[in-house]
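If you want the building blocks of each chain, they are given just below.
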Amino acid sequence: MPSGGLLLQSIILGLLLGGLYALLAAGLTLYFGIMRVVMIAHSAFLILAAYLAWWSNERLGVDPLLSLLVTVPLFFGAGVLLQRMLLSRLRAATLTMMSVLLTFAIALIIEGLLGYAFSGTQRRIQLGYGSASFGLFGARIAVVKLIAFGLAVLALGSLYLLMKRTSFGWALRATIQHQDAARLVGIDTERIAGFGFGLGLATAAVGGTALSLDTTIYPSLHWHWIGPLMAIIVVGGLGSVPGAAAAAMLLGLGQSLLQIPMGTTWAQTVFYVALFATLAFRPQGFFGGRLAQRF
Amino acid sequence: MPNVSRRWFPLGAVAVLAAAILAFPSLAPNPYILSSGVVVLNYAVLATSWNFVGGFTGYISLGHGALAGLGGYATGLLVTKADLPSFVALIVAALLVAVLAVPLGLAALRVRGASFVIVSIALVLILLLVFQSWASLTGGSRGLVVPRPFPGLLRPEHHRVFFYLYAALLAIAVLTWWLLDRSRFGLGLKAIREDEDKAEALGTPTYAYKLIVFVLSAAFTALSGGLYALWFGDLDPVFQFSVLTGSYLVLMALLGGVRTLFGPLVGALIVGTALEYFKTEFGSTPLHLVATGVLLAVVVLVMPDGVLPAIAAGWRRLRPGEQSSIREMTAADLAEQRHRSRQDDRSGPQGDQPAAGETREEVRG
């Protein structure tokens, strides 16, 4: 039986990790809600943002958090362009399948270009506060993990406010609920869909910066993220943001706790076990999941 | 079939293709080219196997690379650990993978579209994890050395034998696909592709049909992967369980045309050759990823029906007198039409332009 301190540390780290998962899964859920698109390239953009944060720290000497000022608008624009220029051109009937392939292709291109520009070497940001940590009832929590979690909570919170309190969020939710009806009441759904994609990709920018603070990054790292993220949105019920957030916290916690008896590598299997179990016993997901049944 | 030339043309094309494949080992200038030929044929078998699921039912799997990897590892382990003769091991491995495909299919095929693709990707990632970590059985990252089935053969002869073995497997796979295509079972599968709800309403046992064809596809994929293990003799989890392999297969099948018998084969010839070329051209730089990605994006955006249908459509346009067959509207065409009319209604300045493949399918008859 592991000591209480270790257990507490795993629980806290699991929750902190779950926060990041929740933010990224929110982006994926947004894409799926808007267009029934499974965005494989989400985690590739995540790694791209992490590389940009690393690069701005390494070459320009600025704090990686400052890179958010550039990456968030940049990624928002990229998301809008991606939706308007590429995804909206796919045929409606085969949209889900073809969008997977298209975003997969984008992920390959990003991975290849990252490898070409920065080589396959593993990179890590060296920060003054990088190794700072504090104790809490025998658990040691790194400050950067807390910052990463704070970023995730902040981004998720603003996303929530944007969705619930603004007229743009109202239009976006209407578009997600029923596109034809939204168009009937005068919402320019195409434009809203584009902006929704931009928002989704902006979450990847925030997530990538948070990730870069305490993770060693390399171009093919995105494959390690896409599997867990996909598992989270399926377990949460495709298209349900609160469901995805709950699944993210739960699975992040599960992964962190299982690392004690099983080690880091085998602990990752919790995502895949959860994915297969969900599909076998409750394919519409455990939370919400109104949309998933249509597919 | 309306007239003689349309009936004999495909047969002639098949004969030419078969002759070209069979003559290739004698024409190949050096063993390296011959080994590239084996790799391309391996892709052709894999892409055709993939098309059992992708072409008939429209379920796109990015995880078939993992099924091939499983076939390879199962063959290798049966040879090294269970001392089975090489080709017995190959058959047993394919059967094992087929059995394993049943629970996989049961989980993956319960949900449509997006979830299926997610599961197929997850399959690759989880198997990579398992085979890398379970080093005591699989050798982990050090790889698994599979003894050659014909120890006496020199390397070029070895390539030649396996080239013909692959050609035989390809012929069986293509023949099976052709038989399915003409069967009642195949009709049910295609109904699933066009509209799964309506197919189910009309009494097609869609779940069972999808499962059967998935298992069949897995068995052929495993045979190809097992043959690869016997040919190459060295397995590494990173290459056996790579999402890239799955994406290559999808690219090949889509480029060739998933609704046609020889589409995946033609796609494999084009993409497989291109991949071998990229390998020599870009070496170990990651640019081959970019090249693959760009190619896949272009195919998906510009000609999602593949080159063979595009060529066939061009041929029909050149000879307008022959348009006597009734081309039903597929669900895809109908949705496309709805989508298009909706965009016309809005008459916005940003109405998008028809992609190359889209103008071709009007109602005829």
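Counting from 1, residues in each chain are numbered in the order their sequence is written. Here every chain gets a letter starting at A, and every ligand a number starting at 1, in the order they are written. It should be noted that, the model being predicted, local features are given only for residues of pLDDT at least 70 and side-chain atom pairs only at 80 or more, the latter also being counted only at that level, while totals for whole chains, interfaces and linings use all residues.

Chain B goes by Branched-chain amino acid ABC transporter permease in an unreviewed UniProt entry, where it is assigned to Winogradskya humida. What UniProt records for chain B under Subcellular location (unreviewed entry) is the sentence "Cell membrane". UniProt positions are given in the numbering used here, feature names are shortened, and annotations may be inferred rather than shown by experiment.

Looking at an unreviewed UniProt entry, chain A carries the name Branched-chain amino acid ABC transporter permease, with the source organism given as Winogradskya humida. The UniProt entry for chain A carries the following text under Subcellular location (unreviewed entry): "Cell membrane". Per UniProt, chain A has the following entry under Sequence similarities (unreviewed entry): "Belongs to the binding-protein-dependent transport system permease family. LivHM subfamily."

## Comments concerning the overall build of chain B
If you tally the helices and strands in chain B, you get 16 helices and 2 strands. The burial criterion counts other C-beta atoms lying within 10 Å of a residue's C-beta, which is placed from the backbone; the residue is buried at 20 or more, exposed at 12 or fewer, and partly exposed between these limits. A burial count over chain B gives 47% of its 365 residues as buried. Note on contacts: each residue gets a C-beta atom placed from the backbone, and two residues are in contact if those atoms are within 7 Å. Residue pairs at least 24 apart in sequence account for 78% of intrachain contacts in chain B once pairs closer than 6 positions are excluded. Secondary structure counts use DSSP, requiring at least four H or I residues in a row for a helix and at least two E residues in a row for a strand, with both numbered from the N terminus.

## Notes on the overall build of chain A
Within chain A, the secondary structure is distributed over 11 helices and 2 strands. Along chain A, helices and strands appear, N-terminal first, in the series α-α-α-α-β-β-α-α-α-α-α-α-α. Across its three principal axes, chain A shows a C-alpha extent of roughly 60 × 50 × 35 Å. Per-residue burial for chain A yields a buried fraction of 55% across its 295 residues. A separation of at least 24 residues holds for 79% of the contacts in chain A among residues at least 6 apart in sequence.

## Comments concerning the domain arrangement of chain A
Domains are outlined according to an automatic or database domain assignment. Domain boundaries assigned for chain A yield domain 1 (36-217) and domain 2 (223-290). The gap between the C-alpha centroids of domain 1 of chain A and domain 2 of chain A is 19 Å.

## Points about the interface of chain B and chain A
Residue-level contacts link 43 residues of chain B with 44 residues of chain A. Listing elements by their share of the side of chain B that touches chain A, those giving two or more residues are helix 4 (86-108), helix 5 (114-133), helix 12 (243-256), helix 14 (287-302) and helix 16 (331-346) of chain B. With 11 residues, the top contributor of residues to the side of chain B that touches chain A is helix 5 of chain B.

## A few points about the UniProt feature "transmembrane region" (unreviewed entry) in chain B
All names here are of chain B. Under the feature "transmembrane region" (unreviewed entry), the UniProt entry names residues 33-53, 60-80, 86-109, 116-135, 161-180, 211-231 and 290-315. Secondary structure over residues 86-109 splits into 96% helix and 0% strand, and the C-alpha atoms at its two ends are 33 Å apart. Secondary structure within residues 290-315 divides into 85% helix and 0% strand; the distance between the first and last C-alpha atoms comes to 33 Å.

## Things to note about helix 8 (residues 184-194) of chain B
All names here are of chain B. Among the residues of helix 8, Gly 188, Leu 189, Ile 192 and Arg 193 are the ones counted as buried. Each buried residue of helix 8 sits inside an arc of 150 degrees when the element is viewed along its axis, so together they form one side. Looking at the packing, one finds that the buried side of helix 8 touches helix 2 (31-57), helix 9 (196-201) and helix 10 (206-232). Working definition: the arc comes from the directions between the helix axis and the C-beta atoms, pointing outward to the latter.

## Here's the deal with the UniProt feature "transmembrane region" (unreviewed entry) in chain A
All names here are of chain A. The sites that UniProt annotates as "transmembrane region" (unreviewed entry) are residues 6-30, 37-54, 66-87, 99-119, 139-163, 192-213, 225-251 and 263-281. Split by type, residues 192-213 is 100% helix and 0% strand. Its first and last C-alpha atoms lie 32 Å apart. The distance separating the terminal C-alpha atoms of residues 263-281 is 27 Å; by composition the span is 95% helix and 0% strand.

## A short note on helix 3 (residues 68-86) of chain A
Under the convention used throughout, the expected extent of a helix is 1.5 Å for every residue step, that is, one less than its residue count. For helix 3 of chain A, built from 19 residues, the straight-helix expectation of 27 Å at 1.5 Å per residue is met to within 8% by its first-to-last C-alpha distance of 25 Å. Looking at the buried side of helix 3 of chain A, the elements it contacts are helix 2 (42-58) and helix 8 (189-214) of chain A.

## Describing the packing of helix 9 (residues 222-235) of chain A against helix 5 of chain B
It is the contact of helix 9 of chain A with helix 5 of chain B, at a shortest axis distance of 10 Å, that shows an interaxial angle of 140 degrees. Considered as vectors, helix 9 of chain A and helix 5 of chain B are oriented oblique to each other. For the pair helix 9 of chain A and helix 5 of chain B, the sense of crossing is left-handed. Residues Trp223(A), Ile226(A), Gly227(A), Met230(A), Ala231(A) and Val234(A) of helix 9 of chain A lie in contact with helix 5 of chain B, whose contacting residues are Ser115(B), Ile118(B), Ile121(B), Ala122(B) and Leu125(B). Here the nonpolar group is Ala, Val, Leu, Ile, Met, Phe, Trp, Tyr, Cys and Pro; Asp, Glu, Lys and Arg are the charged ones; every other residue, Gly included, is treated as polar. A breakdown of the residues in the contact of helix 9 of chain A with helix 5 of chain B according to their chemical character gives 9 nonpolar, 2 polar and no charged. Between the N-to-C directions of two axes lies an angle of 0 to 180 degrees, each axis being a line fitted to C-alpha atoms and, for a helix, fitted only over the stretch in contact. Every angle not falling under 35 degrees, over 145, or within 65 to 115 is termed oblique; those three ranges are roughly parallel, roughly antiparallel and roughly perpendicular. Handedness of each helix crossing follows the sense of rotation of the near helix against the far helix: counterclockwise by less than a right angle gives left-handed, clockwise gives right-handed.

## Focus on the environment of Leu30(A)
Looking at the secondary structure, you find Leu30(A) in helix 1 (residues 4-35). Dropping the residues within four chain positions of it, Leu30(A) is found in contact with Gly196(A), Leu199(A) and Gly200(A).

## Things to note about the environment of Gly203(B)
All names here are of chain B. With respect to the secondary-structure elements, Gly 203 resides in the loop between helix 9 and helix 10. A count of 8 C-beta atoms within 10 Å places Gly 203 in the exposed class. Gly 203 sits 72 residues away from Leu 275 along the chain, and the two C-alpha atoms are 43 Å apart.

## Some details on the packing of helix 2 of chain B against helix 13 (residues 263-282) of chain B
Residues and elements named next belong to chain B. Two elements in contact, helix 2 and helix 13, have axes separated by 8 Å at closest approach and are oriented at 140 degrees. For the element pair helix 2 / helix 13, the angle class is oblique. For the crossing formed where helix 2 meets helix 13, the hand is right-handed. Note on element contacts: helix 13 touches helix 2 through Pro 264, Leu 265, Gly 267, Ala 268, Leu 269, Gly 272, Thr 273 and Glu 276, opposite Ser 36, Val 39, Val 40, Tyr 43, Ala 44, Ala 47, Thr 48, Trp 50 and Asn 51. Residues belonging to the contact of helix 2 with helix 13 are distributed by class as follows: 10 nonpolar, 6 polar and 1 charged.

## What to know about the environment of Ser141(B)
Residue and element names in this part refer to chain B. Along the chain, Ser 141 falls in the loop between helix 6 (135-138) and strand 1 (144-145). Taking the C-beta count within 10 Å as the criterion, Ser 141 has 12 such neighbours and is therefore assigned exposed. Ser 141 sits 136 residues away from Tyr 277 along the chain, and the two C-alpha atoms are 27 Å apart.

## Observations regarding the confidence of the model for chain B
Residue and element names in this part refer to chain B. With 85% of its residues at a pLDDT of at least 70, chain B reaches an overall mean of 82. The low-confidence segment residues 323-327 (pLDDT under 50) makes 7 contacts with residues lying over four places distant or belonging to another chain. For this predicted complex, the interface score ipTM comes out at 0.84, alongside a pTM of 0.82. Residue-level confidence of the predictor is what pLDDT reports, using numbers from 0 through 100.

## Quick look at the confidence of the model for chain A
Across chain A, the average pLDDT comes to 84, with 93% of residues at or above 70. With pLDDT under 50 throughout, residues 291-295 of chain A is counted as low confidence; its partners more than four residues away or in other chains account for 16 contacts.

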